[in-house]
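Listed below are the residues making up each chain.
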Amino acid sequence: MLVLVTYDVSFDDPNGPARLRRIAKICEDFGTRVQYSVFECDLEPDQWVRLKARLLDTYDEAVDSLRFYMLGKNWRRRIEHHGAKAALDLFKSPLII
């Protein structure tokens, strides 16, 4: 299932920049950055549980914001992209590592 993760971390808090880096790193472990604070994460159910738990343990609910948009398994027909930095579709293109 595809989950779109967005976040906003407060820099008014002195720990904000470090928390922002930790949240970004967690998202990088599970998905692809499509904008500065936006990640597309194609996940299995157990990965979704781990990602959400790690993010909720990291952010500060008093000053930060996390949003999860569940696009499901049929996400390809729900996303329309225009402009630069088109996301890599791992299911249409060969991936060489």
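Before reading on, note that the structure itself is shown above.
Notes on the structure in this doc start here. (Residues numbered from 1 in each chain as written. Predicted model: local features only at pLDDT ≥ 70, side-chain atom pairs only at ≥ 80, totals over all residues. Heavy atoms only, no water.)

So, the pairing of strand β2 (residues 32-35)
Test applied: Only strands joined by at least two bridges in the DSSP assignment are considered to pair. In this text, helices come from DSSP runs of H or I with a minimum length of four residues, and strands from runs of E with a minimum of two, each type numbered from the N-terminal end.
Across 3 bridges, β2 lies against strand β3 (residues 38-42) in antiparallel orientation. Paired with Gln35 across the two strands is Val38, which belongs to β3. As consecutive antiparallel partners, β2 and β3 are separated by 2 residues.

Quick look at the packing of aromatic side chains
Here is the rule we go by: Each pair of aromatic rings taken from Phe, Tyr and Trp, with Trp reduced to its six-membered ring, is defined by centres within 6.5 Å and is described as stacked if the planes are under 30 degrees apart, edge-to-face if over 60, and tilted in the remaining cases. For every residue, the accessible area obtained with a 1.4 Å probe (protein chains only) is divided by the maximum for its type, and the residue is called buried under 20%, exposed over 50%, and partly exposed between those limits.
One pass over the structure, following the stated rule, counts 2 aromatic pairs. Plain terms: the ring middles of Tyr7 and Phe39 are 6.3 Å apart, the flat faces sit at 25° to each other, and that makes the pair stacked. Of the two residues, Tyr7 is situated in strand β1 (residues 2-8) and Phe39 in strand β3; the sequence distance between them amounts to 32 residues. Owing to a relative accessible area of 6%, Tyr7 belongs among the buried residues under this scheme. Residues Trp48 and Phe68 carry aromatic rings whose centres are separated by 5.1 Å and whose planes lie at 80° to one another, so their mutual orientation is edge-to-face. Here Trp48, found in helix α2 (residues 45-58), pairs with Phe68, found in strand β4 (residues 65-72); they are 20 residues apart in sequence, far enough to count as distant.

Overview of α2
Worth spelling out the cut-off: A helix is expected to reach a length of 1.5 Å times the quantity of its residues less one. In this context, the arc is that of the directions from the helix axis out to the C-beta atoms. In what follows, a contact means two residues having at least one pair of non-hydrogen atoms within 4.5 Å.
In this model, α2 (14 residues) spans 20 Å end to end at C-alpha, consistent with the 20 Å of a helix rising 1.5 Å per residue. Considered for burial, the residues of α2 that qualify are Trp48, Leu51, Leu55 and Thr58. Down the axis, α2 shows its buried residues gathered within 110° of arc, on one side only. Exposed residues on α2 whose side chains face more than 90 degrees from its buried face are Pro45, Val49 and Asp57. Those residues of α2 that are buried are in contact with β1, α1 (16-30), β3 and β4.

Bear in mind that shape data such as this cannot, by itself, settle questions of function.
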